[in-house]
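# A structural walkthrough
Here's the letter readout for the chains.
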Amino acid sequence: MLDKRYDFTAAEARYSREWEANGCFNPVLDGRPAFAVMMPPPNVTGTLHIGHALDNTLPDILVRRARMQGKDALYQPGTDHASIAVHVVLERMWAKEGKGMTRFKLGREGFLEQAWAWKDHSHGVITGQLRRLGISCDWNNERFTMDPAYCVAINQVFIELYKRGLIYRGQRLVNWDPRMQTAVSDLEVKHKEVKGHLWHFRYKFADGKTYAGKDGIEIATTRPETILADGAIAIHPEDPRAKDLVGRMVLVPLIERAIPIIADEMVDKDFGSGMVKITAAHDFNDYEVYKRHKDAVEIPLINLLTPDGKMNENCPADYVGLDRFTARKKIVEDLEAKGHLIAIEDHVHNVGHAERDDTVLEPYLTYQWYVEGKPLAEKCLAAVDKGDLAFVNARDEKVYRHWMENIQDWCISRQLWWGHRIPAWFKGTEGTPDFEMVIGEDAPEGDGWRQDEDILDTWFSSALWPFVTQGWPEESLRLKTFYPGAVIMNGRDILPFWDIRMVMMGLELTGTVPFKTIYTHGLILDEKGQKMSKTKGNVVDPNELMDAYGVDALRWTMASISSSEDMRYSIGKVEQARNFGTKLWNAARYLTMQDIRWTGEQAAGFDLAAVEHPLNRWLIGALRECFVKVDRYLDAYDFAHAADELYRFVWNTFCDWYLEMSKPLLAEGAEAHVAAETRAVMGWAFEQVLRGLHPFMPYITEVLWEHHTLSDGQRYVMLQPWPAYAGWPQDGAAAADMAKLTNVIVAIRQARTQLQLAPKARLQVQVLGKSTEFEFYLAHLPTLTALAGVETLTTRYVPATKGEVTVVAEGLEFILPLEGLVDMDAERARLQKERGKMEGEMAKLDGLLNDEGYLSRAPEDKVAASRARKAELAEAVAKVDAMLQGPYA
């Protein structure tokens with residue numbers, strides 16, 4: 001006998017261990033059709049969050065189904081070294097310890113020692129959580145993006161792309177994080193609105209002459225400290241002043257360096273004074289202006305900052321060593337003292353911040369490594385045009401095409417230590433004639449060579465994930481079997497970071513797309529539609545959910561809310577998923593009490609085509625229709641609708657209808673052959689339900705499979721075939737009959753609820769008029785009795801009168817006499833009292849909704865809730881009025 005309650009803790013501990021120990025997740029590599037999905041490798045930065053639960057549940061559903069479909073299924077596991085993220089985590093940890101430790105104090109070797117220790121700790125936590133989540137990975141082939149074989153492949157890729165002319169080194173502006181002292185990707189910059197100032201300064205003409213009665217021009221800036229690096233002033237060529245000003249020279253305030261006025265269409269004529277300063281080494285737009293004009297006009301490139309954001313030796317001595325923001329304040333004071341400050345105005349503008357550590361970023365001129373984007377992008381666009389790569393969501397294809405059509409060269413170097421050190425060797429000073437560079441894993445012969453201190457961008461290494469994890473560059477059997485994969489699945493936020501770059505690298509290095517389909521999902525929001533964040537206090541810890549509700553409930557929730565758009569999470573949905581598991585468990589307990597199992601011996605002697613009773617034939621057809629839809633939805637990556645189909649079949653069709661309607665067929669005195677057939681169909685159907693639910697809820701289905709099938713040599717449901725429903729019979733007449741019967745039962749039940757009849761009250765139902773359909777319902781009287789409390793069913797020819805209720809269903813009028821079942825006077829008084837309460841509440845709501853002050857002050861969701869409540873009350877009043885004017889008149 002099954003326990004009264006499902007012990008998910010014991011089940012998870014047992015089966016997560018047994019599945020892996022018995023090789024249930026391992027691919028077989030025997031030539032059968034393959035189905036491979038690459039796990040988005042979690043960063044080794046701590047624990048999994050709710051997004052990871054979604055990221056891994058959805059692919060695992062498909063992988064488990066593919067395995068049951070007889071495919072050689074692979075979900076490739078692993079973790080990512082997450083360079084900058086690990087740097088941030090360690091430095092935050094040191095800050096909390098209060099010891100003043102930094103990576104620079106530790107030195108490279110000391111830092112790497114601590115990073116590896118952190119990786120070992122975090123990796124164990126993450127993989128343990130994934131195992132608990134029931135993710136059916138090939139753990140024997142787990143990879144880490146800095147494991148030895150991966151490092152060899154990374155170096156080979158870098159060297160090969162360099163030889164092909166696709167990797168080069170150059171001096172450009174990058175987004176620079178002064179705190180981490182590294183370049184960061186443009187994609188990892190978050191722009192935040194900041195309340196700052198717009199300072200207006202006077203730049204005097206170098207020749208001492210005037211223009212329009214003034215001895216100089218007015219320039220506005222949000223970053224006064226960069227004035228020291230000004231190289232030119234720009235004005236729009238269509239500005240009427242341009243013909244007189246272009247070519248003249250002005251003096252940079254404080255340092256009196258003469259710089260030219262040039263014309264460029266980049267200038268916004270309506271911003272500030274209509275002229276802007278050009279600080280090419282500290283502004284991306286200015287750098288583009290510099291490139292357009294540098295051959296015609298001498299514009300200096302002056303870097304003012306040290307890597308840690310302090311003013312360097314290119315500044316006047318008074319500012320050297322000052323933090324950039326301290327220097328800003330001092331420079332403004334000095335400019336004001338010298339009479340250059342014209343005005344200060346408040347100004348809100350977007351400022352780039354580092355996504356990882358929230359530091360204000362600086363455009364910074366430095367030497368970096370780049371991947372040339374255009375040649376790779378052309379191949380990527382061709383792959384989509386030829387149909388080699390498909391998108392589930394049209395939005396993603398638009399993003400993909402836009403990104404490829406506007407491709408920029410990719411900065412792949414980072415000034416960090418945790419990661420793949422670049423296989424390049426330098427001698428001499430970069431940017432000078434004596435500088436030499438050699439690309440290779442080993443140091444060149446001779447003295448004076450030093451390896452590049454930089455490491456590769458984490459996304460560069462993860463872009464190789466689909467093929468390096470399968471043994472590339474060796475032509476291994478795994479690579480031939482699982483590359484390209486079937487699909488890549490992840491959040492849409494990393495489509496440009498990861499998916500697109502995997503396509504770029506896959507096509508360039510293997511000649512093939514790394515996967516055939518791209519599916520992205522949205523972000524998980526809280527129940528109010530807000531992004532989750534620690535500051536808002538609305539972050540959901542999946543570990544706490546698993547502790548409280550079990551893994552199956554969490555996985556079911558992830559599937560049921562999944563969407564290509566942002567999705568709302570609520571604890572109520574997890575509770576609903578938990579209740580669904582309880583419903584399944586109780587159904588299994590009912591079958592156990594009826595001594596209904598499903599063994600191999602029973603299966604061998606069971607013929608679906610020979611099933612005769614309409615109820616059983618209806619169930620078989622309904623289950624076939626369910627699986628047809630489930631497969632259709634899963635093939636389209638519509639997990640929510642697939643889960644909904646299974647939910648409605650199990651909860652409604654099987655438990656609420658079939659189990660209840662079959663009780664008369666199993667009761668004492670029922671026909672023996674009908675009872676035997678019903679028991680067989682019930683056992684068979686429940687076994688098929690367990691197979692279908694398994695990819696979504698692996699643990700509870702394994703427990704019930706073992707109990708329901710008595711194992712019978714088929715130890716795990718995860719290794720059983722997926723339901724082969726194509727040949728199951730579908731009886732349209734039986735389905736129509738069951739639909740009629742259930743519709744009548746629902747209508748009578750609703751009337752009982754509205755009338756507040758006691759659950760045990762028995763109805764003497766009369767059908768108005770003579771009808772051939774009457775015989776059908778009379779034949780199913782036992783079912784009507786069991787499910788709707790109908791004791792007798794007769795015909796009559798007089799419409800309902802006072803004290804009777806008419807229920808219309810399936811074209812018939814079912815009359816329910818209430819005499820002896822309801823105290824008419826007491827019920828009439830109750831309804832009138834209830835109506836008065838509802839009218840009072842409606843009046844209060846009317847007062848609020850007609851109050852302009854309330855409508856302007858109250859949150860939108862509260863106003864919407866008030867309107868919804870009013871509509872709900874109006875509907876309820878109408879129903880009460882119908883009762884008072886009908887049976888209780």
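Use the structure listed above.
Residues numbered from 1 in each chain as written. Predicted model: local features only at pLDDT ≥ 70, side-chain atom pairs only at ≥ 80, totals over all residues. Heavy atoms only, no water.

### Some thoughts on the overall build of the chain
Secondary structure assignment for the chain yields 28 helices and 29 strands. Across the 889 residues in the chain, those meeting the buried criterion constitute 55%. Considering only contacts within the chain whose residues lie at least 6 apart along the sequence, 77% involve residues at least 24 apart. Within the structure as shown, the chain displays about 39,400 Å² of accessible surface, and the carbon and sulfur contribution to it stands at 50%. (Helix = DSSP H or I, 4+ residues; strand = E, 2+ residues; numbered from the N terminus. Buried < 20%, exposed > 50% of the residue type's maximum accessible area, 1.4 Å probe, protein only. Contact = heavy atoms within 4.5 Å. Areas by Shrake-Rupley, 256 points an atom, 1.4 Å probe, with all protein chains shown as cover.)

### A look at the layout of surface pockets
One number sums up the size of the second largest pocket: a volume of about 1,200 Å³. Lining the second largest pocket are 37 residues, with Thr222, Arg223, Asp283, His349 and Asn350 sitting closest to its centre. Listing elements by their share of the lining of the second largest pocket, those giving two or more residues are strand S7 (189-204), strand S8 (216-221), strand S12 (275-278), helix H7 (284-293), helix H8 (324-337), strand S13 (341-354) and strand S14 (362-371). When residues in the lining of the second largest pocket are grouped by element, the largest group, eight residues, is from S7. Residue composition of the lining of the second largest pocket, grouped by class: 15 nonpolar, 14 polar and eight charged. (1 Å grid on protein atoms, 1.4 Å probe; cavity = no way out; pocket = protein on both sides within 12 Å on 5 of 7 lines; lining within 4 Å. Points joined across faces, edges and corners; volume = space filled by probe spheres on them. Nonpolar A, V, L, I, M, F, W, Y, C, P; charged D, E, K, R; others polar.)

### Looking at the pairing of strand S28 (residues 804-809)
Relative to strand S29 (residues 812-817), S28 runs antiparallel, the two being bridged by six bridges. Within S29, the position partnered with Val807 by the bridge is Phe814. The hairpin formed by S28 and S29 contains two residues between the paired strands, and Glu810 there has a positive phi angle of roughly 55°. (Pairing = 2+ DSSP bridges.)

### Comments concerning the environment of Gly522
On the secondary structure map, Gly522 appears in the loop between strand S23 (517-521) and strand S24 (524-525). Judged by relative accessible area, Gly522 falls into the buried class, the value being 2%.

### Some thoughts on the packing of helix H24 (residues 772-779) against helix H25 (residues 781-788)
In a pair of packed helices, the angle between the axes and the distance between the axes together describe the arrangement. H25 packs onto H24 with a crossing angle of 65° between their chain directions and a minimal axis gap of 5 Å. Residues Tyr777, Leu778 and Ala779 of H24 form the contact with H25, whose participating residues are Leu781, Pro782 and Leu784. (Axes fitted to C-alpha atoms, helices over the stretch in contact; angles between N-to-C directions.)

### Comments concerning helix H14 (residues 495-510)
Residues spaced three or four apart along an α-helix point in a common direction, a consequence of the helix completing one turn every 3.6 residues. Across the 16 residues of H14, 15 count as buried, placing the element largely inside the fold. Just downstream of H14, Gly511 is the residue with a positive phi angle, here 80°.

### Re helix H5 (residues 148-163)
Under the 1.5 Å per step criterion, the end-to-end length of H5 is 23 Å for 16 residues, consistent within 8% with the ideal 22 Å. Where H5 terminates, the next one or two residues include Gly165, which has phi positive at roughly 80°. (Expected span 1.5 Å × (residues − 1).)

### With respect to the pattern of salt bridges
Applying the stated criterion to the full structure yields 59 salt bridges. The partner of Arg796 in a salt bridge is Glu804, with the nearest N and O atoms 3.0 Å apart. In the salt-bridge network here, residues are joined through shared partners; they are Arg14, Glu18, Glu706 and Arg715. (Salt bridge = Lys/Arg side-chain N within 4 Å of Asp/Glu carboxyl O.)

### Focus on the sheet that holds S23
The strand order across the open sheet built from three strands is S15-S23-S22, with neighbouring strands paired in parallel fashion. Two strands lie at the open edges of the sheet, namely strand S15 (390-391) and strand S22 (488-491), each paired on one side alone. As judged from the two bridges shared by S15 and S23, these two strands associate in the parallel manner. Residue pairing in the sheet places Ala390 in a bridge with Thr517 of S23. Across the sheet, helix H2 (residues 50-68) lies against S22 and S23, angled at about 155° from S22, the strand it touches most.

### Examining unusual backbone geometry
Put simply, Trp472 and Pro473 share a cis peptide bond, and its omega is 15°. That bond from Tyr483 to Pro484 is cis: its omega, 0°, falls within 30 degrees of zero. With respect to the helices and strands, the residue Pro484 is situated in the loop between helix H13 (477-482) and S22. Unusually for a residue other than glycine, Leu29 sits at a positive phi of about 55°. Counting through the fold element by element, Leu29 comes out in the loop between helix H1 (8-21) and strand S1 (34-38). The backbone of Gln756 shows a phi angle near 55°, a positive value even though the residue is not glycine. Within the secondary structure layout, Gln756 lies in the loop between helix H23 (732-755) and strand S26 (763-768).

### Regarding the pairing of S22
Judged from the four bridges that link them, S22 and S23 form a sheet pairing that is parallel. Counted as the bridge partner of Gly491 is His521 from S23.

### Points about the sheet that holds strand S6 (residues 182-184)
What holds strands together in a sheet is hydrogen bonding between their backbones, with the strands either parallel or antiparallel. Taking strand neighbours across the sheet as the criterion, the four strands line up as S6-S5-S14-S16 in an open arrangement whose pairing is antiparallel. Each having just a single partner strand, S6 and strand S16 (410-411) make up the two edges of the open sheet. In this sheet, S16 lies alongside S14 in antiparallel orientation, the contact comprising two bridges. In the strand pairing of S16, Val371 is matched with Trp410.

### With respect to the side chain of Asp80
By the secondary structure assignment, Asp80 is in the loop between strand S3 (78-79) and helix H3 (83-97). For the buried Asp80, no salt bridge is present, and the opposite-charge side chain at shortest range is Arg356, 8.0 Å distant. In this structure the side chain of Asp80 is engaged in a polar contact, spanning 2.7 Å, whose partner is the backbone nitrogen of Ala82. Filtering out sequence-adjacent residues up to four positions away, Asp80 remains in contact with Pro41, Pro42, Asn43, Val44, Phe144, Thr145, Thr458 and Ser462. (Lys, Arg positive; Asp, Glu negative; His and termini not counted. Polar contact = N/O pair within 3.5 Å; in protein donor to acceptor, adjacent residues only side chain to side chain.)

### Some words on the packing of helix H20 (residues 639-666) against helix H21 (residues 672-693)
Where H20 meets H21, the closest approach of the two axes is 11 Å, and the angle between their N-to-C directions is 165°. With respect to H21, the axis of H20 lies roughly antiparallel. Handedness of the crossing formed by H20 with H21: left-handed. Between H20 and H21, the residues in contact are Leu646, Phe649, Val650, Phe654, Tyr658, Leu659, Ser662, Leu665 and Leu666 and Val674, Ala675, Thr678, Arg679, Val681, Met682, Ala685, Phe686, Val689, Gly692 and Leu693, respectively. In terms of residue class, the contact of H20 with H21 is built from 16 nonpolar, three polar and one charged. (Parallel < 35°, antiparallel > 145°, perpendicular 65-115°, else oblique. Left-handed = near helix turned anticlockwise from the far one by under 90°.)

### Description of the environment of Asp526
Here Asp526 lies in the loop between S24 and helix H15 (542-549). Accessibility expressed as a relative area gives 9% for Asp526, which makes it buried. Distance from Asp526 to Met567, taken between C-alpha atoms, is 8.3 Å for residues 41 residues apart in sequence. Only 2.8 Å separates the side chain of Asp526 from the backbone nitrogen of Gln530, close enough to count as a polar contact. Among the polar contacts made by the side chain of Asp526, one reaches the side chain of Asn538 at a distance of 2.9 Å.

### Quick notes on the packing of aromatic side chains
Scanning the entire structure with this criterion turns up 41 aromatic pairs. For the ring pair Trp116 and Trp418, a centre distance of 5.0 Å and an interplane angle of 85° mean the geometry is edge-to-face. Separated by 302 residues along the polypeptide, Trp116 in helix H4 (residues 103-132) and Trp418 in the loop between strand S17 (413-414) and strand S18 (424-427) bring together distant segments of the chain. Residue classification places Trp116 among the partly exposed positions, given a relative accessible area of 34%. Accessibility expressed as a relative area gives 0% for Trp418, which makes it buried. Ring geometry for Phe580 and Tyr647: centres 4.8 Å apart, planes at 35°, overall tilted. (Phe/Tyr/Trp six-rings, centres within 6.5 Å; stacked < 30°, edge-to-face > 60°.)

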